[in-house]
Amino acid sequence: MATFYERMVPLLVLWLAVCLIQTWAVDRSNFKTCDQSAFCKRQRALKPGESPYRALLETMELTNTRLTLQLINDNNKVHLLLELYRLQGNITRVKINELKPLKPRYEVPDVLVREPPTEPMSLLSQDENGVVLSLGVESQRVIVSARPFRLDIMEGSSVLMSLNSRGLLAFEHLRMRKDTQADPEADKKEEGDPANQDETAKEEEKVEEGMWEETFKSHTDTKPNGPSAVSLDFSLPGVEHVYGIPEHADTLRLKTTDNGDPYRLYNLDVFQYELYNPMALYGAVPVMLAHNVQRTTGIFWLNAAETWVDISSNTAGKTVFGKMLDYVQGSSETPQTDVRWISESGIIDVFIMLGPTVKNVFSQYASLTGTQSFPPLTSLGYHQCRWNYNDQEDVKSVDAGFDEHDIPYDFIWLDIEHTDGKRYFTWDPHKFGTPKDMLQGLMDKRRRMVAIVDPHIKVDSNYKIHNELRSRGFYVKNKDGGDYEGWCWPGNSGYPDFTRTDMREWWASMFSYDQYEGAMENLYTWNDMNEPSVFNGPEVTMHKDAMHGAWEHRDIHNLYGLYVHRATAEGLSQRSGGVERPFVLTRAFFAGSQRYGAVWTGDNAAEWDHLKISIPMCLSLGLVGISFCGADVGGFFKSPSTELLVRWYQTGAYQPFFRAHAHLDTPRREPWLFGPENTAVIREAVRQRYALLPYWYQQFYHAYQTGEPVMRPLWVEYPEDPATFAIDDEFLIGQDLLVHPVTEEGARGVTAYLPAKQEVWFDVHNFQKHNGAQNLYIPVTMSSIPVFQRGGSIIPRKLRVRRSSSCMEHDPYTLFVALNLQRTAEGELYIDDGHTFNYEKKEFIHRRLTFANNILSSVNLAPDAKFTTESWIERIVLLGTSKPSKVTLKTADGQESQVEFDFDASMSVLTLRKPGMNAGADWTMMFQ
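Parameters and conventions
- Residues numbered from 1 in each chain as written.
- Predicted model: local features only at pLDDT ≥ 70, side-chain atom pairs only at ≥ 80, totals over all residues.
- Heavy atoms only, no water.
- Core = buried A, V, L, I, M, F, W, Y, C linked by side-chain atoms within 4.5 Å.
- Buried < 20%, exposed > 50% of the residue type's maximum accessible area, 1.4 Å probe, protein only.
- Helix = DSSP H or I, 4+ residues; strand = E, 2+ residues; numbered from the N terminus.
- Contact = heavy atoms within 4.5 Å.
- Axes fitted to C-alpha atoms, helices over the stretch in contact; angles between N-to-C directions.
- Parallel < 35°, antiparallel > 145°, perpendicular 65-115°, else oblique.
- Nonpolar A, V, L, I, M, F, W, Y, C, P; charged D, E, K, R; others polar.
- Pairing = 2+ DSSP bridges.
- Salt bridge = Lys/Arg side-chain N within 4 Å of Asp/Glu carboxyl O.
- Disulfide = S-S within 2.5 Å.
- Phe/Tyr/Trp six-rings, centres within 6.5 Å; stacked < 30°, edge-to-face > 60°.
- Lys NZ or Arg CZ within 6 Å of the ring centre and 35° of its normal.
- pLDDT = per-residue confidence, 0-100.

A. Representation of the nonpolar core. By size, the foremost hydrophobic cluster in this structure holds 173 residues, and its most contacted members are Phe300 and Trp507. The element that contributes the greatest number of residues to this core is helix α12 (residues 608-623), accounting for 9 residues. Within the second largest apolar cluster, 50 residues are counted, among which are Ile96, Leu133, Leu151 and Trp341.

See the structure below:
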């Protein structure tokens, strides 16, 4: 029977998954709407302008680091505690919690990189209507109005942001259940508490469906703590464009939600998701950016429970706050965006990032949650994946196919079928019986592998991982105290409690070479299904009343994937003694996930609209700190047409994470299977990626240092140009490359917006120069990828493309110098070993490249850093220049030599051949 059971369980799971996939592709009813989510429905029913909350000004205390103030709900007399902090870097933090909660409410740990440092606030004025505090930055101040409670952040006479201006603050206090007499003593105790007087009768009248128990489809949520939702509204005068709050398959600019559901943040396994709607997907980053031509601000709502975000846009008229703000902003009405955040549990803990520039906001958010981890250089190359490569021979054959067709790649991936019966950290003994031989074969070619390790563990007493988790008590518990179990790929599965530090440490230790049999240093990891996915759970995820120690799953849900990602990344780092950088891909994520690796947009489909949506989805992630983003090239579900596949390779080659992936049931689609002409076009797209790796790597170093996105919307670099504010079919890589992929079927041309009157842009393929501030029509063929280099920039490439990025380590550089209208240009060159953390010990080369006054020079940006390279400068190409009579190279030792050159007068392109200086050296080149 055991053998029969072993055979049947995977078949049953696969059948269940296939049924769900087929259903979910068309049936949205498997996922909640706001009306079906009791707390969202309750909160959304509140009417603006009827706030019961009043600030008790007599309770105010102002210390050097914070202001505290009690709020009272005049309807039920429950007291809240408001804490207000001014943080370093022009950030204001607002926390609201119950003054005396029945039990502690969840506050999100492990997301902030440190307790944010504070700066002093000072009291400017106070009367019976409110208080005014200085924020210390220019003329910034906070006005706290008492009745109703309201908080306004001002700069001069302008309102930057208002909190509770629409009166939609709501804080459902914890209470004893009144419809049972299970604990009459507790009832008496609570009724005797002065903070809760006059409440009981009202509470009994107000019990609504879904407060204490909620059923969706066949699943019941017992809600032992009752209603606990929190909500707060924010008004943004002068703002019409808001962005962020990924993950949604929607446009870059967020839409208003007045006539539909709010945007939902609740990590879910949605399979073939629908496009252009606010449904929740695999990840959740509760960060929103607001932008207009004068300013960018941000809101970071630190809450890991299910969250809904309503956006409305109206017109703000004149605004008066007592005597101090008795002025009229003018006769014309100002555009305004109103945003409301609603979370099921926890507290209100919000960081208001006041810019004023978008790059200030990136820096402010990075100071809170950290920057994008600096990935190994190899991970920026091309990744080949499908569910699943059949066995070691299949891997070997695919690997050889890339060599045969001269297409570079760095990683080949194995999905769930490589394991022994979906037991992670194992190998199928028949299909992958000698994994080290397979890995060594890849290592000999300087290539790598990724194998999947999911966080659902097969319940099997013969499985070491399960036995250890159970014996150590490391599984998530159900509401009755037993190990929580649900169905996923292995069949009946347990779910490790990644919120526990000791569990994460144990998990990390499982990646060590003595524990993970068959692993070698060129094996990396992919965390899928970590929302977590539970096939037979409510909305295909974990029951909210499951327990993580003292906390319900409802409190921590959106954090689970981050914890899995973190523990895995720490395991990969620790297996090398902390020397090697990890590479881990995750599907689920939260604020701070950028610190641990890459994400992708999940189970997309081989459809043109899914290709298009990959751009705004990755742009939205970049805006909230997660730069290492990509989409499955070709689409995971269904089979792409040859044209779609080619266009997807061309798009993916210019997105940060570049991986092809496909479903088990799709025909094979390795890049050489579509005829020689298409193979050649795909080869060229991949080779363009590899030639540009020095620039990609430099951009990721910059993201690691600053928090700025690698792939970014045009408005980030051109914040005063309203024409850029809603563009999401083209994008920038760093500041200097503009990409407009071809994403329309049968396209014969695209129209790209080239921003800025003062800029010129050079087509990177033919070096043609175009003026900025125009919509440029570009005729395209199947081989076209419209890419432009900004005049005024210097971009390094390596044009000797080899079988993998590691094989190009010591190859020479070509510098592309694109002159602006002032005949100047600048750029950088960053080089390190590409794979260790030694850059933290100043083992790198970082150089500033500058062209001005007919002199091109390389200057050391990090004089205290130590690193050497064998790479040299093989060629320099100047775009938009004139022909010199001679070019003289002067090296650091004072030696001078003449440099040979060619000049193409028709394109104004000057090419210098083999100047020969080391890429890490000081040098100057004079053009006469």
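B. View of helix α9 (residues 501-509). Among the residues of α9, Met503, Arg504, Trp506, Trp507 and Ala508 are the ones counted as buried. Along its buried surface, α9 packs onto β25 (457-458), α8 (464-471) and α11 (560-574).

C. How the structure looks around unusual backbone geometry. In this model, arginine 147 is joined to proline 148 through a cis peptide bond whose omega is -10°. The topology assignment puts proline 148 in the loop between β8 (140-145) and β9 (150-155). Of note, the amide linkage connecting glutamate 531 to proline 532 takes the cis form, showing an omega dihedral of 5°. With phi around 65°, lysine 77 is a residue other than glycine that occupies positive phi space. Take lysine 77: it is sitting in the loop between β2 (67-73) and β3 (79-87).

D. Broad picture of the packing of helix α14 (residues 676-691) against helix α15 (residues 693-706). Across the interface, α14 lies against α15 with an axial gap of 5 Å and an inter-helix angle of 55°. As far as their axial angle goes, α15 and α14 are oblique. Where α14 abuts α15, its residues Arg689, Tyr690 and Ala691 lie against Leu693, Pro694 and Trp696. Its residues assigned to classes, the contact of α14 with α15 shows 5 nonpolar, no polar and 1 charged.

E. Representation of the sheet that holds strand β41 (residues 769-771). Taken together, 6 strands build an open sheet; the order of strands is β36-β37-β38-β43-β40-β41 and the sheet is antiparallel. In the strand order of this sheet, the two ends are held by β36 (711-712) and β41, each with one partner. Two strands pair when backbone bridges link them, and strand β40 (residues 760-763) and strand β43 (residues 787-790) are joined in this way by 3 bridges, in the antiparallel orientation. Looking at β43, one finds that phenylalanine 762 is bridged to glutamine 789.

F. Structural view of the pattern of salt bridges. Enumeration according to the criterion identifies 65 salt bridges in this entry. Its salt-bridge partner being lysine 445, residue aspartate 403 comes within 2.7 Å of it at the nearest N-O pair. Of the two residues, aspartate 403 sits in helix α6 (residues 392-404) while lysine 445 sits in the loop between α7 (435-444) and β24 (448-452), which places them 42 residues apart along the sequence.

G. The arrangement of the state of the cysteines in detail. This structure, assessed with the given rule, holds 2 disulfides. In this model, cysteine 34 is linked to cysteine 40 through a disulfide, with the two sulfur atoms separated by 2.0 Å. Judged by the torsion about the S-S bond (-100°), the cysteine 34/cysteine 40 disulfide is left-handed. In terms of burial, cysteine 34 and cysteine 40 fall into one category: buried. Residue cysteine 618 pairs covalently with cysteine 629 via a disulfide, S to S 2.1 Å. One disulfide, between cysteine 618 and cysteine 629, carries an S-S torsion of -75° and so falls in the left-handed class.

H. Region of interest: the packing of aromatic side chains. All chains considered together, the criterion is met by 51 aromatic pairs. Summarising the aromatic geometry, the rings of tyrosine 106 and tryptophan 551 are spaced 5.0 Å apart at their centres and angled 70° between planes, so their arrangement reads as edge-to-face. Of this pair, tyrosine 106 sits in the loop between β4 (91-98) and β5 (118-119) while tryptophan 551 sits in strand β30 (residues 551-552), and the two are 445 residues apart along the sequence. The exposure class assigned to tryptophan 551 is partly exposed, which follows from its relative accessible area of 28%. Arranged with centres 6.2 Å apart and planes meeting at 65°, the rings of tryptophan 507 and phenylalanine 511 form a pair that is edge-to-face. Accessibility assignment for this pair places tryptophan 507 and phenylalanine 511 in one class, buried. Every member of this aromatic cluster is reached through a ring pair, and the members are Phe411, Trp413, Tyr524, Trp526, Phe583, Trp600, Phe628, Phe657 and Phe700. Sitting over the face of the ring of tryptophan 526, arginine 659 holds its NZ or CZ atom 4.7 Å from the ring centroid. Just above the ring of tryptophan 600 sits the side chain of arginine 659; from NZ or CZ to the centre is 5.0 Å.

I. Seen up close, the sheet that holds strand β45 (residues 813-818). The 11 strands are arranged β51-β50-β54-β48-β47-β46-β44-β45-β49-β53-β52 in an open sheet whose pairing can be described as mixed. For this open sheet the edge positions go to β51 (896-898) and β52 (901-904), each flanked by a neighbour on one side alone. With strand direction ignored, the average angle separating the axes of adjacent strands in the sheet is 20°. Where strand β49 (residues 873-879) meets strand β53 (residues 909-913), 5 bridges bridge the pair, whose relative direction is antiparallel. Across the sheet, the residue bridging to valine 877 is threonine 911, located in β53.

J. View of the packing of helix α13 (residues 642-652) against α14. Their axes nearest at 8 Å, the elements α13 and α14 cross at an angle of 10°. Between α13 and α14, the interaxial angle falls into the category roughly parallel. Residues Thr642, Leu645, Val646, Tyr649, Gln650 and Gly652 of α13 touch α14, and the partners they reach there are Asn678, Val681, Ile682, Ala685, Val686 and Arg689. Taken together, the residues of the contact of α13 with α14 sort by class into 7 nonpolar, 4 polar and 1 charged.

K. Quick look at the pairing of β45. Summarising burial for β45: 6 of the 6 residues are buried, a large majority. Relative to β45, strand β44 (residues 793-797) is paired through 5 bridges, and the arrangement is antiparallel. Across the sheet, arginine 797 pairs through a bridge with threonine 814, a residue of β45. Sheet topology note: the β45/β49 ladder contains 6 bridges and is parallel. Pairing of leucine 815 across the sheet is with isoleucine 876, part of β49.

L. A look at the confidence of the model for the protein chain. Mean pLDDT over the protein chain stands at 93; residues scoring 70 or higher make up 92%. Taken as a whole, residues 1-24 scores under 50 in pLDDT and shows 30 contacts with residues more than four places along the chain or in a different chain. Scored below 50 in pLDDT, residues 315-331 shows 29 contacts in the model against residues more than four places distant or in partner chains.

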